[in-house]
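Now for the letters of each chain:
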Number of protein chains: 4
Amino acid sequence: MIIVMAMGATEQEAADVRDQLRQYNLTAHDNYGTQRVVIAVLGDVAPVRELLMSKLSIMPGVESVTPITRPYKLTSRESHPEDTVIEVLGTKVGDGSLTIMAGATILRGGAFKPRTSPYAFQGLGVEGLTYLAEASKLTGLPTITEVMEPSQVEVVAKHADILQVGTRNMQNYSLLTAVGKAGRPVMLKRGYGATIEEWLMAAEYIVSSGNPHVILCERGIRTFETYTRNTLDLTAVPLLHHLTHLPVVVDPSHATGKRWLVKPMALAAVAAGADGIMVEVHPRPDQARSDGEQSLTFDQFADMAGALNQIHEQVRTLIKDPFAMTGPVKVGGSSKH
Amino acid sequence: MIIVMAMGATEQEAADVRDQLRQYNLTAHDNYGTQRVVIAVLGDVAPVRELLMSKLSIMPGVESVTPITRPYKLTSRESHPEDTVIEVLGTKVGDGSLTIMAGATILRGGAFKPRTSPYAFQGLGVEGLTYLAEASKLTGLPTITEVMEPSQVEVVAKHADILQVGTRNMQNYSLLTAVGKAGRPVMLKRGYGATIEEWLMAAEYIVSSGNPHVILCERGIRTFETYTRNTLDLTAVPLLHHLTHLPVVVDPSHATGKRWLVKPMALAAVAAGADGIMVEVHPRPDQARSDGEQSLTFDQFADMAGALNQIHEQVRTLIKDPFAMTGPVKVGGSSKH
Amino acid sequence: MIIVMAMGATEQEAADVRDQLRQYNLTAHDNYGTQRVVIAVLGDVAPVRELLMSKLSIMPGVESVTPITRPYKLTSRESHPEDTVIEVLGTKVGDGSLTIMAGATILRGGAFKPRTSPYAFQGLGVEGLTYLAEASKLTGLPTITEVMEPSQVEVVAKHADILQVGTRNMQNYSLLTAVGKAGRPVMLKRGYGATIEEWLMAAEYIVSSGNPHVILCERGIRTFETYTRNTLDLTAVPLLHHLTHLPVVVDPSHATGKRWLVKPMALAAVAAGADGIMVEVHPRPDQARSDGEQSLTFDQFADMAGALNQIHEQVRTLIKDPFAMTGPVKVGGSSKH
Amino acid sequence: MIIVMAMGATEQEAADVRDQLRQYNLTAHDNYGTQRVVIAVLGDVAPVRELLMSKLSIMPGVESVTPITRPYKLTSRESHPEDTVIEVLGTKVGDGSLTIMAGATILRGGAFKPRTSPYAFQGLGVEGLTYLAEASKLTGLPTITEVMEPSQVEVVAKHADILQVGTRNMQNYSLLTAVGKAGRPVMLKRGYGATIEEWLMAAEYIVSSGNPHVILCERGIRTFETYTRNTLDLTAVPLLHHLTHLPVVVDPSHATGKRWLVKPMALAAVAAGADGIMVEVHPRPDQARSDGEQSLTFDQFADMAGALNQIHEQVRTLIKDPFAMTGPVKVGGSSKH
């Protein structure tokens, strides 16, 4: 943590800052410049980081307070250099293979649907869960479905193999804590208005509640552009591989909102290094009760899955070490760096 | 709903669109242009709006589908021209008076705190609720506090007079439905990434669940600007008065994140027509366990409250009818138009 | 153009709207709904589109005015279904090949540099242009460089083969008109705060000034995310191929601001269908006078160029017709649809 | 400037960073923490700030480089605590009075109009300038008009008293330098996609070119909200008064895009401490050749101007020292702090 004192701050004001730090067993290193004093704080700031920033910020003579370490720990690659690999019914996510969620490697189905309008179709509920479990039995594929409130976690965990937390619930802390206690992997979609740091902090809630099996899913963020529903932030893929050991999948259906943009963006996601792709598929999109506009037909899905696997194979040979160009962060032993 | 057919769409494609509409008992009005056909849909589109948009969008020959009516109904001023006035323990919100939440007209306190970091102070929980209820008894002022999950609604409603839904839970539909069934007014903060339309749809969830007493609270939206924590969208105040009958309050503390910006922005909010102001106050901000940076001291609060009341008085005389300049929408009988 | 009348608008108000339209030789088609009147305007709205929207919007009884055709014409694929292919010194851009700008297919160099700070290095000016022209002579490669004001167009056009308009000048209309009159292809970078529609309108300025040879360059847009300098909007690539016949290249260096993110994002851009890639390269990035942080070394560039060409080859075979999934827009004869 | 070394960075890597700093006559202060080394740079970083950040960022072992001083100097209140007051034909801007630009204190007219579409009305050009000069003679009021390219600066400066640089040209550095050399005050509108820091850097271009008379004009920024054309960032008003000595005016017409939102937002701007308001006025908005939707009639303008002056009077008495609550920055002698 770096505290920049204002030009003209007094000796006493700097002394008060040092006193405040001492109360938390932190040491202040003063750096005297030509125009102002800069105080570097060293020691384990993490446990009191937010509180301390709040307190220091309003002390007389303080110009700014800047944290220098990241607020997430368990999800950070610095603290855990090896990739997290998640295994469900024999399928692995994050081991260098490509996971396609929709019916290829993992079955995807929505029983509870979060809808912007209270008048729209809200999903089939528990009945939908049993259909999904049945499909899993027939195919042998693991299943993923969304959970929307803490009280649903138990029943969904009973029927589905992976729990999904949706974009609108990314900062529903009660839900994050609840899925953190369920014995199932969790796919955490990025909030459409959330920064990457907030997303990792949300993952930190799940991991710190006891569940290390978190898959991150980029699904587009909200920007001023209106031609597409959201702006797919594909740069998040290599960035997250740098910052965290958790696997990263991409959902091009919700981000673009348009069926014909799904294939090119799925290919781009794989080329950027995504561990998986999640797409909307429907046998008859014109009869889907929701999200028809972005759903692929079975034929389109099969065609796309083939293309994705080929690009994935080639990208792996071309980029044995995708982060060879990485400058700053060095962490020992990770195959991704 | 307006369906624009593509240039070169066939007769049959337009006929298929009309067939689809007929299945929902809607009538198609064709408008033949020089370059393309435009089909206007009339009839009660609202109940099937989302489904229909999804289906029509993917039909061959369809270029675009544009809705022309707003998706919210109960919260719309068109359907309910009179202002909603909410009364709690003799205090009225939305009747033309200025409500100051922090200790002036309504007591504000957080028992459960939504925190970005799992390592930050999470509030005192039920113990905090009893302190708040005690303060209410001593002062006679109504209280407001945040509720974070459906299972908390009952206990919070027992101790507090107004339930608050926070910015990160604005689209937590389970929570919206739960507070919609509690017999208490609800203050719904705007999601920091939410449009005004989505905000009103979230209010619609509460109202359609049986609770018409919703107060909207603007608290800043996320933009590219980083000097302030969020960008306070004050234009939302007159805009909401135009679109809805619900009262609108403004929280300048969270939007700006800086104590010294609270007063000018609170004054601006009152000048823009806000029904109330909600601010963070703390007797010793440097000892606050959260949000100290944006909290006013008691003296600063008293000074600001006085200024707000004076500006409010004057704005009322200057703008007897703040919407006199309104062009488009005309609704009978509203004092706000 | 669709005019939605307010609920409760009078007969006379609708009649006034129709009168207004008649003055521009446009025909009104009325559509009577249960709650309101919707007037569809047909005829050639384009030449008076903005003026008419402005006038109609403020007429009494008008709720909203929505345009239904796109405001750009010459750059639209609807009006020009075939891909535009641009040829410079025997190199083709937009013909299905992959153009790599930095020294592979086209030489890139900045003589005039737009800098946020007046105190930063501003480029070598005309002296830099002669260096670039010399490099072109030695290698036989065409050159591209930025032009910053109308008075520079002539001298830059004399020395460089392609003129670049930078992100901060995307809506510098004087400059757009000036390069529209130069006999050189123009690469138009997207404004970091510009929508795709505004970008195409800026291209329309160039094309309507007489220069049909415009290359569009996506370089990231400004969002709330701060880990990366900007958010690279790769969905713009397939979207632009759908909306316009102009070639689209991607600049991953400026968008990400970090050298180690360049390669994965360049691969993703090619997988999404980009016609070319433009990157920053410097023999000794640590000695570069600007943009060193995002510059590749020669070795890194050579490695990346090889990978890009391989992915490009494979993507071409996998997606013979990248827009096979396109629903809505159908235009005759285009190989891209 | 603060350089955070990566966990695991070697002694040699830190030594290389110190060497680099020494080459610029800067001193490195090491701060050894439990997990990493943090190097504070003191000395006059400003002249080489950008170059140094670029170089250090890519050095091995460097995790991040954070500047701690602001990049603008001449426009900063730290370097110039007193308010800048601009006088034109006896009218003062920034002296505590309220300036209303549209015909009340300063006449506003557009001769050259920047238009998104090349097919829209582009202004009357030099002919328009003579009309404006004539109006000035008749009324004795100073005039303001927009200049769009360096070559127009001379002719516009001949006819108008204040030169306006529009939102799309805020980073047109050639134009900024040109108006920096004209002997006329300049009103610099905020770029709709620009941060406050970039805006001040643009002002720095003008001031460092020799012209200290710059008025800043907030006119809305681009966000995801689509009900209004842009989001008016009123918090920028007190924030700018804190950061800079230049006067700040607000344009509520362009930000909202709707006539009936102009009055409430103008009132809010004055309450937030704006030095002036600029609005669109037209005797017959329905016949305006551009921007009719947002123009006030003469009567509406007169009504609003009266209200603004009353609120301004009251705000002045209520907030003798609007920055009394300011914590961090302290600068000697300024009446605004």
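Structure: above.
Residues numbered from 1 in each chain as written. Chains lettered and ligands numbered in written order. Predicted model: local features only at pLDDT ≥ 70, side-chain atom pairs only at ≥ 80, totals over all residues. Heavy atoms only, no water.

Undergrad: Where do I start with the overall build of chain A in this structure?
TA: A tally of regular secondary structure across chain A gives 10 helices and 14 strands. Taken over the C-alpha atoms alone, chain A extends approximately 75 × 45 × 40 Å along its principal axes. By residue count, 65% of the 337 residues in chain A fall in the buried class. Of all intrachain contacts in chain A linking residues separated by at least 6 positions in sequence, the fraction that spans at least 24 positions is 66%. Only carbon and sulfur atoms are counted for the fraction: they give 50% of the accessible area of chain A, which is about 11,300 Å². (Helix = DSSP H or I, 4+ residues; strand = E, 2+ residues; numbered from the N terminus. Buried < 20%, exposed > 50% of the residue type's maximum accessible area, 1.4 Å probe, protein only. Contact = heavy atoms within 4.5 Å. Areas by Shrake-Rupley, 256 points an atom, 1.4 Å probe, with all protein chains shown as cover.)

Undergrad: Is there a simple way to explain the interface of chain B and chain D in this structure?
TA: How large an interface is tends to be reported as the accessible area lost when its parts come together. At the interface, 51 residues of chain B touch 51 residues of chain D. Taken together, the two surfaces of chain B and chain D that pack against each other cover about 4,400 Å², and 73% of this comes from carbon and sulfur. Inspection of the region where chain B meets chain D yields 2 salt bridges. The tally of links between chain B and chain D comes to 6 residue pairs in polar contact (both at pLDDT 80 or more). (Buried area = accessible area lost by both parts, 1.4 Å probe. Salt bridge = Lys/Arg side-chain N within 4 Å of Asp/Glu carboxyl O. Polar contact = N/O pair within 3.5 Å; in protein donor to acceptor, adjacent residues only side chain to side chain.)

Undergrad: It is not clear to me how the side chain of C:Thr84 should be interpreted in this structure. Could you clarify?
TA: All names here are of chain C. Following the sequence through the fold, Thr84 ends up in the loop between strand S4 (62–66) and strand S5 (86–88). The exposure class of Thr84 is buried, given its relative accessible area of 9%. Reaching out from Thr84, the side chain makes a polar contact with the side chain of His245 at a distance of 2.7 Å. The residues contacting Thr84, other than those within four sequence positions of it, are Val93, Gly94, Pro212, His245, Leu246 and Pro247.

Undergrad: Please clarify how the relation of the copies chain C and chain B should be interpreted in this entry.
TA: The two copies are related by a screw operation: chain C maps onto chain B through 180° of rotation and 0.0 Å of translation along the axis, at an RMSD of 0.0 Å. On the angle and the small slide along the axis, the relation comes out as a two-fold axis. Across chain C, the smallest distance between a C-alpha and the rotation axis is recorded for C:Phe224, namely 2.2 Å. Comparing interface residues between copies, 100% of those in chain C also sit at the interface in chain B, which points to an isologous, same-surface contact. (Least-squares fit on C-alpha atoms with pLDDT ≥ 70 in both.)

Undergrad: Can you walk me through the packing of helix H6 (residues 196–208) of chain A against helix H7 (residues 236–243) of chain A in this structure?
TA: Axes are the key here: two packed helices are described by the angle between their axes and the distance separating the axes. All names here are of chain A. Running from N to C, H6 and H7 cross one another at 50°; their axes reach a closest spacing of 12 Å. When the axis of H6 is compared with that of H7, the two are oblique. Here H6 and H7 pass one another in a crossing that is right-handed. Along its contact with H6, which presents Ile196, Trp199 and Leu200, the element H7 presents Ala236, Leu239, Leu240 and Leu243. Taken together, the residues of the contact of H6 with H7 sort by class into 7 nonpolar, no polar and no charged. (Axes fitted to C-alpha atoms, helices over the stretch in contact; angles between N-to-C directions. Parallel < 35°, antiparallel > 145°, perpendicular 65-115°, else oblique. Left-handed = near helix turned anticlockwise from the far one by under 90°. Nonpolar A, V, L, I, M, F, W, Y, C, P; charged D, E, K, R; others polar.)

Nothing here speaks to function; it is all geometry.
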